[in-house]
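What follows is the residue order along each chain.
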Amino acid sequence: MAEKTVMLNQVEAMNTALKEEMRRDKRVVVFGEDLISMGGPATQTKGIFEEFGPDRIVDTPITEEAIVGMAYGCAMTGLRPVGFLMFASLVMCAADQVFLKLGSNRQEWGWFGPLPAVICTDISGGRGIGEDHALSPEAILMHCPGLKVVMPCTAYDAKGLLKTAIRDDEPVMFVAHRSLFFGTKEAIPEEEYLIPFGQADIKRAGKDVTIVTYSAMVHKALAAADELNKQGISAEVVDLRTLVPMDIQTVVKSVKKTGRLLVVHEAMTRSGAGAEIICRFMEAAPQALKTMKAPIKRLGCKNVPLLRSPAVEPKLVPQVNDIVAAVKAMI
Amino acid sequence: MAEKTVMLNQVEAMNTALKEEMRRDKRVVVFGEDLISMGGPATQTKGIFEEFGPDRIVDTPITEEAIVGMAYGCAMTGLRPVGFLMFASLVMCAADQVFLKLGSNRQEWGWFGPLPAVICTDISGGRGIGEDHALSPEAILMHCPGLKVVMPCTAYDAKGLLKTAIRDDEPVMFVAHRSLFFGTKEAIPEEEYLIPFGQADIKRAGKDVTIVTYSAMVHKALAAADELNKQGISAEVVDLRTLVPMDIQTVVKSVKKTGRLLVVHEAMTRSGAGAEIICRFMEAAPQALKTMKAPIKRLGCKNVPLLRSPAVEPKLVPQVNDIVAAVKAMI
Amino acid sequence: MAIPKEKSLEMYRNLVRARYLGEKIFEIFSAGGSNMVGLHRAVGEEAIPVAVCAVLRKDDYYKPSGVRMHPYLFCKEGFTMRDGLAGEMCRALPKVGGHDTYISPELGVIGKSGILGEDGPMYVGAALSAKLRKSGQVVVYTCGDGTANRAPVHESMVVAAALTLPIVFMIQDNQYGMGTARSKVYKIKDLSDRAKGYGFPGISVDGNDVVALYETVKEYVDRARSGGGPGLIVAETYRLGAHSVGDAQIYRPKGEAEEWWKKDPLPRYRKTLMGKGILTDAMVTRIDADAKAEADEAGKAALQVPLISYEDHIKWAYDVL
Amino acid sequence: MAIPKEKSLEMYRNLVRARYLGEKIFEIFSAGGSNMVGLHRAVGEEAIPVAVCAVLRKDDYYKPSGVRMHPYLFCKEGFTMRDGLAGEMCRALPKVGGHDTYISPELGVIGKSGILGEDGPMYVGAALSAKLRKSGQVVVYTCGDGTANRAPVHESMVVAAALTLPIVFMIQDNQYGMGTARSKVYKIKDLSDRAKGYGFPGISVDGNDVVALYETVKEYVDRARSGGGPGLIVAETYRLGAHSVGDAQIYRPKGEAEEWWKKDPLPRYRKTLMGKGILTDAMVTRIDADAKAEADEAGKAALQVPLISYEDHIKWAYDVL
Ligand SMILES: Cc1ncc(C[n+]2csc(CCOP(=O)(O)OP(=O)(O)O)c2C)c(N)n1
Ligand SMILES: Cc1ncc(C[n+]2csc(CCOP(=O)(O)OP(=O)(O)O)c2C)c(N)n1
Ligand SMILES: [Mg+2]
Ligand SMILES: [Mg+2]
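Criteria and thresholds
- Residues numbered from 1 in each chain as written.
- Chains lettered and ligands numbered in written order.
- Predicted model: local features only at pLDDT ≥ 70, side-chain atom pairs only at ≥ 80, totals over all residues.
- Heavy atoms only, no water.
- Helix = DSSP H or I, 4+ residues; strand = E, 2+ residues; numbered from the N terminus.
- Rg over C-alpha atoms; globule rule 2.2 N^0.38 Å.
- Contact = heavy atoms within 4.5 Å.
- Areas by Shrake-Rupley, 256 points an atom, 1.4 Å probe, with all protein chains shown as cover.
- Lys, Arg positive; Asp, Glu negative; His and termini not counted.
- Charge placed at Lys NZ, Arg CZ, Asp CG, Glu CD.
- Buried < 20%, exposed > 50% of the residue type's maximum accessible area, 1.4 Å probe, protein only.
- Pairing = 2+ DSSP bridges.
- Donors = N, O, S within 2.8 Å, 3.2 Å for Na, K, Ca; no water.
- Near = heavy atom within 4 Å.
- Polar contact = N/O pair within 3.5 Å; in protein donor to acceptor, adjacent residues only side chain to side chain.
- Least-squares fit on C-alpha atoms with pLDDT ≥ 70 in both.
- Axes fitted to C-alpha atoms, helices over the stretch in contact; angles between N-to-C directions.
- Left-handed = near helix turned anticlockwise from the far one by under 90°.
- Nonpolar A, V, L, I, M, F, W, Y, C, P; charged D, E, K, R; others polar.
- Parallel < 35°, antiparallel > 145°, perpendicular 65-115°, else oblique.
- Buried area = accessible area lost by both parts, 1.4 Å probe.
- Salt bridge = Lys/Arg side-chain N within 4 Å of Asp/Glu carboxyl O.
- Expected span 1.5 Å × (residues − 1).

A.B. asks: I'm lost on the overall build of chain C in this one. Help?
C.D. replies: Counting secondary structure elements, chain C contains 11 helices and 7 strands. Its C-alpha atoms give chain C a radius of gyration of 19 Å, near enough to 20 Å, the size a compact globule of 321 residues would have. Across chain C, the fraction of contacts at a sequence separation of at least 24, relative to all contacts at a separation of at least 6, is 74%. On chain C, roughly 11000 Å² of surface is accessible, and the fraction owed to carbon and sulfur atoms is 55%. Here chain C carries 42 positive and 40 negative side-chain charges, and the mean point of each set is 2 Å from the other.

Quick look at the structure:
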């Protein structure tokens, strides 16, 4: 089908998703820091104030707890809020709100109605700006009851998943990656599309090893797959896209084919999402372990804080060559 | 050796550990909410004000972020602070301080000196008081670079580990369990002893299955082992005691003997400590998987918030019979 | 401001009902087997929810103070005493009366936090929502003197001030947060001074005086409703009992509680209304008997309300494992 | 209060040095390849750290404001300009000069947070420590006008007030937090009104006036040191440049910055001192030349300081995997 498309980078795709949903549903409102004054710290909300006015977008003081709490309050009272946190480490400033209020509060008290709130944020890692700015919080978000966790890696996925997030009746943490915002433009269909949660996407097919990852690491995994290809190793790259819910069946299917599993993420290895992915795989395919061609492996950031130095961060966080090396050690 | 002993419950053992360390080292100071006015919310600090006076113990307002931040500040300036959080969920109110300041701040900025701070808290689960009060935060603590995580289950261990924590030069999260505070008294040596971090303790030897757990769940695992024993199944119960550092070798040794591994915890299963324990096991004994007699299993709280109801909590959190059933399904 | 006679009687009735409700909670808790998780009594502090609920519209948002005041939501239009009791025991009739335990968005109750003060931002969100929706609703968010120091309460006030939101903050200053006397943690005598730092009006009022409370809350709520933005009311009262069961109260000076018993809002308001001829002896007797009967009835009814079951709880979830 | 002549000259010299330091940072950053992570310029706001450091003892604790002021620690006794520059590039000579990048407990710098305001409680801890150790040390904790709204800054003030700690809070009010004008997020004109809510003294002062700053900081630090507890100083200044590289400043009214350039603290203080005969033309020229030379030298020296290496970083860790 020759659909009409438009060329957008990831932040433009997110911006478009927001606008489309705001046009479609008057209950969608947006708030956070510098969304109007600067069009968002990375132009995420550019043009929204101009189009929708002060009843639909609000600039707040630097109050992250309040932003997340307000998302809860708005979602309980007839709106469908999208609250922005300027970068993903800031979930730590609003941790009780994110982990215990948004995800579980109403059900703890016995109320089981909808809570259509989205918290939209992005990981700022990969620039050597230190632990405080680079936190990749997905493992913690996954450990909270009641939160869906979305981590896109392409403009196409970001748009379709953000729209799904806004229409979801449960709280969603939408965690993009700043390093991808201004990447290459992609051809995005002009016609509306949604991407359902819980559907992994095979970003590259292969037959010797399955690399499971998400967010910015997908691109490193793809680069590694290119390199491996040159060396005669065919890697399949599975992008989970959403961590809760998690599509483990696609992983199982892939590993049944390849016989090898490597999980890669940017966040710290210890107690990271990789451990959960591996456990889910084992639970879903207990017999596979007996016949796999190599032990399952995970690759994440070393268990130390990210030094605020572009010279050191690449030695702590997995890079393309680390992925290549890890795969080769499995073969 | 017939040492002299004294009968103490767990909170008395902790109280004794604090006092011994405060006598030994004038730099040890203690602060938190209601430590003087009420002797601690559960008598943890009873008698400390009377013995050591206002320069060694301080009551704060209800300001959890400040308590943890002050522990950092005191530890950087010549003291060895023990900051109290009234219950473990409150780490969420101080999350940036715990996860990004205490554990990693100084190293993020390139300073690698000591930070002898202890945060002492306890899990309040098991009483049906809801997610807000019952959070078991260890998976999140483990995911933070730079924090040691201690979770004792007996009076003997609590005393020896708390003393080690206070003498450690790195930040330590000491997470006790309120439900154990006033349990049966144990014979505690009068003579001083320390328990090193990173040494699991086999609380019961067995040969058919290894149950790895920690904190209050050790007691449920022991009860399950009793029950299993009646049914002819011999379970070994490994108490990790500290999660960071983690003694995976003891687990490996045990599983080599039993051929079966069940990991149990009170915290939510998804992205819980169980996943990390299982991954570490796989990494330490990759070949074991091929020969184990049953797939590895984990048992944690269901992935929903704890309802504030004593009638429902036991159906969400693993109980003795759940452990028994899980083991039987493996055999 | 003259309080309409009917309002006065309603508030008196609610004070009496609140007192009986408190006793009923204590009775049920003491009897055990009630699925009740803890007990934080509120005797002597009932005037505050009574006055607030007398001012609010049915669709206004209200968060009573901290750990001890939630059952007193029964004073709010749409709730019943049975609900207050059932909520305390985590029982619920889904959709009966349109609410489940303590949360009922259509009646202005959107949640509460066991972690003190974290519900502040949630209710600020309701205020933002009311403003964006131009619904004319107002929020009253109450917390204790201990809780008022917490970070999220501060951020709530910051945002409410910055965005001129229709919310009234109330501090229920009962002189203690657990074992900590208010004077140990505040260097200000009058907690309403906090308002000065945010740039909205603040006032302290006798929290055991129903009339003063009603008038002040009305003034602040009316201002908020007409676009005048937030305000802070500090209601001075006293925690007559222990913080919760098990608290030996070693920190409390002898005789202090006795002094405060003399300011008990219930006999005090009764006297006021009798002085004005609004209440007669006969009415007092009847209201008392009615309230007692209602509390007995509500107690029984609440125990009939089914416990929220594991199945109810698990039904909504999407990744239970 | 008469400022000793030597102090005046020291502060003037530091103002000039600070200006050259700022230019050197810009130069190194612009040249690239410096391992410098971002650039948040502070031109026009230098009077604040200069005055604070002129008051503090070597062992007092000091946290300069937010993201832009850390290099200006060079004014504090024990630090050098090279250190300020090297810190900005995450370079360190372990133990040379007794400090590593920006953290040096023995010189009163115990850390900083990239997440705004979270260092407040850390420095309150230093103040508690000073009090418990009876060391006579004082803490000055500075943050921006935007940051001052944050939760941890509030809890810091609450605890400092409650425990009468030796800490002076300073808000470096440069009228903006990123794109947000201060007036959009505060309903108070004078940010020092915040102090009223905590019960300690507060004052606003011209943050571009070295003399006023010095006198106020001295008064507040002396009071804190003698047991008088915390205080709040708001230093009114202006962020003359962008928030950081890449900020197009679409939010800034035309002409506003130009007005503030007229209040630049450097020529202003020069004029004051020349009027008093403390500074002469010749001295001005020499100080200028010295500072420029020092900055050039420091720039070169800083680039010689080794980058903190992966091996340094990993050495201390105990569970790297
Ligand atoms: C953030 C947090 N810290 C501590 C506690 C434990 N706690 C429960 S009630 C209470 C005292 C609250 O005092 P106040 O706000 O004055 O309310 P009151 O109990 O007097 O009604 C404390 C410290 C908690 N629930 N949440
Ligand atoms: C908690 C937090 N929220 C947001 C940010 C992003 N941020 C960095 S600087 C800044 C503005 C700070 O303003 P202000 O405190 O006035 O300091 P100034 O930049 O004016 O010196 C913001 C919002 C952050 N680093 N931390
Ligand atoms: Mg109170
Ligand atoms: Mg500013």
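A.B. asks: Explanation requested: the pairing of strand 5 (residues 118-123) of chain A in the structure shown.
C.D. replies: Within a regular strand, side chains alternate between the sheet's two faces. Residues and elements named next belong to chain A. Strand 5 sits mainly inside the fold: 6 of its 6 residues count as buried. The two faces of strand 5 match: Val118, Cys120 and Asp122 on one face and Ile119, Thr121 and Ile123 on the other face are all buried. Of the pairings in the sheet, the one linking strand 4 (residues 80-84) to strand 5 comprises 3 bridges and is parallel in character. What sits directly across from Gly83, in strand 5, is Ile119.

A.B. asks: Is there a simple way to think about the coordination of the magnesium ion (ligand 4) in this case?
C.D. replies: Residue and element names in this part refer to chain D. Within the first shell, the magnesium ion (ligand 4) binds the protein through Asp145 (OD), Asn174 (OD1) and Tyr176 (O), at distances of 2.0 Å. Positions of the donor residues of the magnesium ion (ligand 4), expressed as sequence spacing, correspond to D-x28-N-x1-Y. Tyr176 carries the same exposure label as Asn174, and that label is buried.

A.B. asks: Looking at this structure, I do not really get the site of ligand 2. What am I missing?
C.D. replies: Taken together, 21 residues lie around ligand 2, and Glu64 of chain A together with Arg68, Asp145, Thr147 and Tyr176 of chain D are the ones closest in. At the site occupied by ligand 2, nearby residues are drawn from chains A and D. Between ligand 2 and Asp145 of chain D, the relevant distance is 2.8 Å, taken from an oxygen atom to a side-chain nitrogen or oxygen of the residue. Backbone polar atom of Gly146 of chain D to an oxygen atom of ligand 2: 2.8 Å apart, as the coordinates give it. In the complex, the protein chains occlude 98% of the 590 Å² of accessible area that ligand 2 would expose alone.

A.B. asks: Help me understand the relation of the copies chain A and chain B in this model?
C.D. replies: The two chain copies are related to each other by a rotation about an axis together with a translation along it. Take chain A, turn it by 180°, move it 0.0 Å along the axis, and it overlays chain B with an RMSD of 0.0 Å. The transformation just described matches what one would write down for a two-fold rotation axis. Both copies share a contact surface, since 100% of the interface residues of chain A are interface residues in chain B too.

A.B. asks: I keep staring at the packing of helix 1 (residues 5-31) of chain C against helix 2 (residues 47-55) of chain C and nothing clicks. Help me out?
C.D. replies: Two numbers describe a pair of packed helices, the interaxial angle and the distance between the axes. Residues and elements named next belong to chain C. Helix 2 packs onto helix 1 with a crossing angle of 145° between their chain directions and a minimal axis gap of 9 Å. The crossing of helix 1 and helix 2 is right-handed. Residues Lys7, Glu10, Met11, Asn14 and Leu15 of helix 1 touch helix 2, and the partners they reach there are Ala47, Val50, Ala51 and Ala54. Its residues assigned to classes, the contact of helix 1 with helix 2 shows 6 nonpolar, 1 polar and 2 charged.

A.B. asks: When you look at the packing of helix 10 (residues 217-230) of chain B against helix 15 (residues 320-330) of chain B in this model, what are you seeing that I'm missing?
C.D. replies: All names here are of chain B. Direction vectors running N to C along helix 10 and helix 15 enclose 55°, while the axes themselves pass 8 Å from each other. Between helix 10 and helix 15, the angle falls in the class oblique. The way helix 10 lies across helix 15 gives a crossing that is right-handed. Two secondary-structure elements touch here, helix 10 through Lys220, Ala221, Ala223, Ala224, Glu227 and Leu228 and helix 15 through Val320, Ile323, Val324, Val327 and Lys328. Each residue belonging to the contact of helix 10 with helix 15 can be placed in one class, and the counts come to 8 nonpolar, no polar and 3 charged.

A.B. asks: Would you mind showing me how to read the interface of chain A and chain B here?
C.D. replies: In many reports, interface size means the accessible area that the parts give up when they come together. Tallying the contact residues gives 56 residues for chain A and 56 residues for chain B. Carbon and sulfur atoms make up 60% of the area that chain A and chain B hide from each other, which totals about 4600 Å². Looking at the side of chain A facing chain B, the largest losses of area belong to Glu108, His143 and Arg270 of chain A, adding up to 17% of the total buried there. Applying the counting rule to chain A against chain B returns 6 salt bridges. The closest approach of N and O atoms between Asp132 of chain A and Lys101 of chain B, which form a salt bridge, is 3.1 Å. In this structure, the connection of chain A to chain B is made through 28 residue pairs in polar contact (both at pLDDT 80 or more). At 7 residues, the largest contribution of residues to the side of chain A that touches chain B is made by helix 11 (residues 273-284) of chain A. Residue classes in the side of chain A that touches chain B are distributed as 30 nonpolar, 14 polar and 12 charged.

A.B. asks: Which parts of the structure should I look at to understand helix 4 (residues 95-102) of chain B?
C.D. replies: Every α-helical turn comprises 3.6 residues, leaving residues that sit three or four positions apart pointing alike. The buried fraction of helix 4 of chain B is high, at 8 of 8 residues. Every buried residue of helix 4 of chain B is listed here: Ala95, Asp96, Gln97, Val98, Phe99, Leu100, Lys101 and Leu102 of chain B.

A.B. asks: Help me out: how do you make sense of the side chain of Asp239 of chain A in this one?
C.D. replies: Residue and element names in this part refer to chain A. Examined against the element boundaries, Asp239 turns out to sit in strand 11 (residues 235-239). Among the residues examined, Asp239 registers a relative accessible area of 0% and is labelled buried. Every residue in contact with Asp239, bar those within four places of it in the chain, is listed here: Cys153, Asp157, Ala200, Asp201, Lys203, Thr213, Tyr214, Ser215 and Val218.

A.B. asks: Please clarify how the coordination of the magnesium ion (ligand 3) should be interpreted in this entry.
C.D. replies: When a metal holds four donors in a tetrahedron, each ideal angle between them is 109.5 degrees; when it holds six in an octahedron, the ideal angles are 90 or 180 degrees. Residue and element names in this part refer to chain C. Asp145 (OD), Asn174 (OD1) and Tyr176 (O) make up the full set of protein donors to the magnesium ion (ligand 3), lying at 2.0 Å. Here the donor residues of the magnesium ion (ligand 3) are spaced in sequence according to D-x28-N-x1-Y. Here the residue Asp145 occupies a position in the loop between strand 2 (139-144) and helix 5 (151-162), and Tyr176 occupies one in strand 4 (residues 176-177), the gap between them amounting to 31 residues. On the accessibility criterion, Asp145 (1% relative accessible area) is buried.

A.B. asks: For this particular structure, what's the right way to read the pattern of salt bridges?
C.D. replies: Side chains that differ in charge, positive against negative, can pair when their charged atoms come close. Evaluation of the coordinates by the stated rule reveals 106 salt bridges over all chains. Between Glu64 of chain A and Arg150 of chain D there is a salt bridge whose closest N-O contact spans 3.2 Å. Residue Glu64 of chain A is found in helix 3 (residues 64-75), and its partner Arg150 of chain D is found in the loop between strand 2 (139-144) and helix 5 (151-162); the two belong to separate chains. For the residue pair Glu64 of chain A and Arg150 of chain D, the accessibility class agrees, reading buried in each case. Between Arg182 of chain C and Asp173 of chain C there is a salt bridge, with the nearest N and O atoms lying 2.5 Å from each other. One continuous salt-bridge network, built from bridges that share partners, spans Glu20, Glu21, Arg24, Lys159, Lys163, Arg167 and Glu192 of chain A.

A.B. asks: Help me understand the sheet that holds strand 4 of chain A, please; the structure alone is not making it clear to me.
C.D. replies: Consider a sheet: its strands pair through backbone hydrogen bonds, and that pairing is either parallel or antiparallel. All names here are of chain A. Taken in spatial order, the 7 strands of this open sheet run 3-2-4-5-7-6-12, and their pairing is mixed. Two strands in the sheet have a free side with no partner beyond their single neighbour: strand 3 (57-59) and strand 12 (242-244). Averaged over neighbouring strand pairs, the angle between their axes works out to 20° when direction is ignored. By the bridge criterion, 4 bridges tie strand 2 (residues 28-32) to strand 4 in an arrangement that is parallel. By the bridge assignment for strand 4, Val28 is matched with Arg80.

A.B. asks: Looking at this model, I keep getting lost on the site of ligand 1. Mind explaining?
C.D. replies: Lining the immediate environment of ligand 1, one finds 20 residues, of which Glu64 of chain B together with Arg68, Asp145, Thr147 and Tyr176 of chain C sit closest. The contact in question runs from a nitrogen atom of ligand 1 to an N or O atom on the backbone of Gly114 of chain C, over 3.1 Å. One nitrogen or oxygen atom from the side chain of Asp145 of chain C is found 2.8 Å from an oxygen atom belonging to ligand 1. Protein contact buries 97% of the 580 Å² of open area that ligand 1 shows by itself.

A.B. asks: How should I be thinking about helix 5 of chain C in this particular structure?
C.D. replies: Residues and elements named next belong to chain C. A rise of 1.5 Å per residue sets the reference length of helix 5, with its 12 residues, at 16 Å; its end C-alpha atoms lie 17 Å apart and thus fit the reference within 8%. For helix 5, the tally of buried residues reaches 12 of 12 residues, placing the bulk of the element in the interior. Positive backbone phi, at 50°, marks Thr164, one or two positions downstream of helix 5.

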